[in-house]
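# Per-entry structural report
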Amino acid sequence: MNKDQRSAGFWLLAAFFAAFVFFLYGPMLVIVVLSFQGPEGGLTFPLRGFSLHWFGKLAEGLGVVDIGAALKRSLALGAAVMALTVLFSVLAGLAFRKKLAGGNTLFYVVVASLIMPSIIVSLGIGLEFRLIDSGLKWLLEALGMTSTLEEYGSSLGLFTSALGAHLTWTLPFGLLIMFAVFNRFNPAYEEAARDLGATPWQGFRHVVLPLIAPSIVGIGMFGFTLSWDEIARTSQAIGDVNTLPLELQGLTTTVTTPSIYALGTVTTVISLLVMALAIGLAWWLKQRQNKG
Amino acid sequence: MSTSPTTLPASTQAPGRSIAAWWQAMPLSLVFVLFFLIPLALIGMVSFWDFNEYELLPDFTFKNYVSVFDGCSNMDEMCVTFKTYLSTFKFSFLVWLITLVIGFTVSYFLAFYVRSSGVQTLLFVLCTIPFWTSNVIRMISWVPLLGRNGLVNQSLQGIGLINTPIEWLLFSDFSVVLAFVHLYTMFMIVPIFNSMMRIDRSLIEAANDSGASAWQTLWNVIVPLSRTGIIIGSIFVITIVMGDFVTIGVMGGQQIASIGKIIQVQTSYLQFPLAAANAVILLSIVLMIIWALTRLVDIRKEL
């Protein structure tokens, strides 16, 4: 606003901003620092030595919890959520560019899912799959298929109810990004392709897709990291096994060694790695686009 | 992140291809029907069901709703449900107020005081990065700071301000609010910053030229024009806090009640109809708050 000189207001606001950033990052840095303590280290300062001891303890497992298995489950679910979020968001984004009867209703449902308290969504999905279970069991009994009935566990699971629960959280973000992308999208390129005789598929594959590729990478990143850290929507909808954040939530009350900080450092590093990869990939796609 | 239907991308292709469009929108629509609309309907249905220790019993009874408000006609002492809602409202209000003030100030600084757009983007991204890491990690990162032997207590004792450690720093209302602000101010910053970036800069210049002070410009130009962002951010923060059970659980040392926590506990005892009745009530209250928020704006716009 003040073009000539930084005003007192600027410095006041800058100080506020700096304090806010410090507030955001400070505690997390503390966790990272404390996770590198020596074997004598406790949950608080002062630091006692410097080692990778607590990461080793983490690899051995924390109490009864199999961290490795939970990590694999979270990675697998995150990858599936990422792929489906990208696919469904792009398809729906394309649909919204055309005349879509009922498009507004669909849009409101998606936004409603974004602001719905997660515990309600989670409870609903849990209920739905439990009712499916009872229905199936009743059906199997009615058909007299007792051996199948005995083997049947539950339809609640990582790639059924939990996957669905995660998608209700990641897809709104994906769709809103697609809207932002197509709002700035110049359809002239597509028209040119059509005029040159390209089929709709060719037009999409060779014209639209390269142009929106960096944003698609962004949607993938949203999909993975939102799923990777999700608790509230998964809590009632996952069944017998747990994802890493759910295990972590349980561990906060039982684990009293810095290995829980080590776990925090590991999950944070994975989140940041995925982000860095995505940003790097998006940047690379953009560079390639500019050259071509 | 815009939620106004007017920002739906314009139809850029030939009209009359609704059927092809619906095939494309189908996977996404199916997800929301299967994992959002049907589950919500089931919650409504099951909230009228009966149950025993083993299974849900299809029925049409108001028993669950009655038991939610059990003892609430007693005027001398507030019933558990009212107490819980009161405490949840308190958290929602406090967190909303604090995140609004911080979020608005940060966005205002980024949008109007940072001159280069490169620096602007950089600082904005800096604020959003912590959002991508685990909420539980960000919660427990307060433990070494606020605990009985934490950094804050150690420092205060070190400089001789206090003799005994302050106990209310952790596992208290204070730590719950602090964690909420730490976790969710981002949800305020993004929509408010987005609204502010859309404000036509010539309006600010016009205000300047007409002799408005910085405060007058802020209050009479920027705040009204950031209204959409403020409302969207408020809806996010309030709905999150109203339904939360994780933050209140971890940061409250599992001692503070919330509606989300009640629902979670009831499902762990397989009392689904009770949990469903609680969810229906929570949902109605959240919807009323959202409705009031959007009303509030329209009324002020008309004045």
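The name given to chain B in an unreviewed UniProt entry is ABC transporter permease, with the source organism recorded as Rhodoferax fermentans. Entered under Subcellular location (unreviewed entry) in the UniProt record, the comment concerning chain B runs "Cell membrane". Per UniProt, chain B carries the Sequence similarities (unreviewed entry) text "Belongs to the binding-protein-dependent transport system permease family. CysTW subfamily."

### Overview of the pattern of salt bridges
All names here are of chain A. Counted according to the given criterion, the structure contains three salt bridges over all chains. A salt bridge links Glu190 to Arg97; the shortest N-O distance between them is 2.7 Å. With a gap of 93 residues between them, Glu190 in helix α8 (residues 188-195) and Arg97 in helix α3 (residues 67-97) connect regions that are remote in the sequence. For the pair Glu190 and Arg97, one class covers both residues: buried.

### A word on empty space enclosed by the protein
Scanning all chains against the criterion turns up five cavities of 30 Å³ or more. There is about 480 Å³ of room inside the largest cavity. Around the largest cavity sit 29 residues that line it, and Ser118(A), Trp169(A), Glu230(A), Asn135(B) and Tyr184(B) are the ones nearest its centre. Here the element with the most residues in the lining of the largest cavity is helix α11 (residues 227-243) of chain B; it accounts for four residues.

### A word on the UniProt feature "domain: ABC transmembrane type-1" (unreviewed entry) in chain B
The positions that UniProt labels "domain: ABC transmembrane type-1" (unreviewed entry) are, in the present scheme, residues 85-293 of chain B. Between the end C-alpha atoms of residues 85-293 of chain B the distance is 19 Å, and the span holds 77% helix and 0% strand.

### Considering the layout of surface pockets
In this structure, the largest pocket spans a volume of roughly 2,000 Å³. Ile177(A), Ala180(A), Arg184(A), Ser215(A) and Phe222(A) are, among the 45 residues lining the largest pocket, the residues nearest its centre. The set of elements that each furnish at least two residues to the lining of the largest pocket consists of α7 (158-183), α9 (200-228) and α11 (259-291) of chain A together with α4 (117-128) and α8 (173-197) of chain B. Of all the elements, α9(A) adds the most residues to the lining of the largest pocket, at eight residues. For the lining of the largest pocket, a count of residues per class yields 30 nonpolar, 12 polar and three charged.

Scoring rules and cut-offs
- Residues numbered from 1 in each chain as written.
- Chains lettered and ligands numbered in written order.
- Predicted model: local features only at pLDDT ≥ 70, side-chain atom pairs only at ≥ 80, totals over all residues.
- Heavy atoms only, no water.
- UniProt positions renumbered as here; feature names shortened; annotations may be inferred.
- Salt bridge = Lys/Arg side-chain N within 4 Å of Asp/Glu carboxyl O.
- Helix = DSSP H or I, 4+ residues; strand = E, 2+ residues; numbered from the N terminus.
- Buried < 20%, exposed > 50% of the residue type's maximum accessible area, 1.4 Å probe, protein only.
- 1 Å grid on protein atoms, 1.4 Å probe; cavity = no way out; pocket = protein on both sides within 12 Å on 5 of 7 lines; lining within 4 Å.
- Points joined across faces, edges and corners; volume = space filled by probe spheres on them.
- Nonpolar A, V, L, I, M, F, W, Y, C, P; charged D, E, K, R; others polar.

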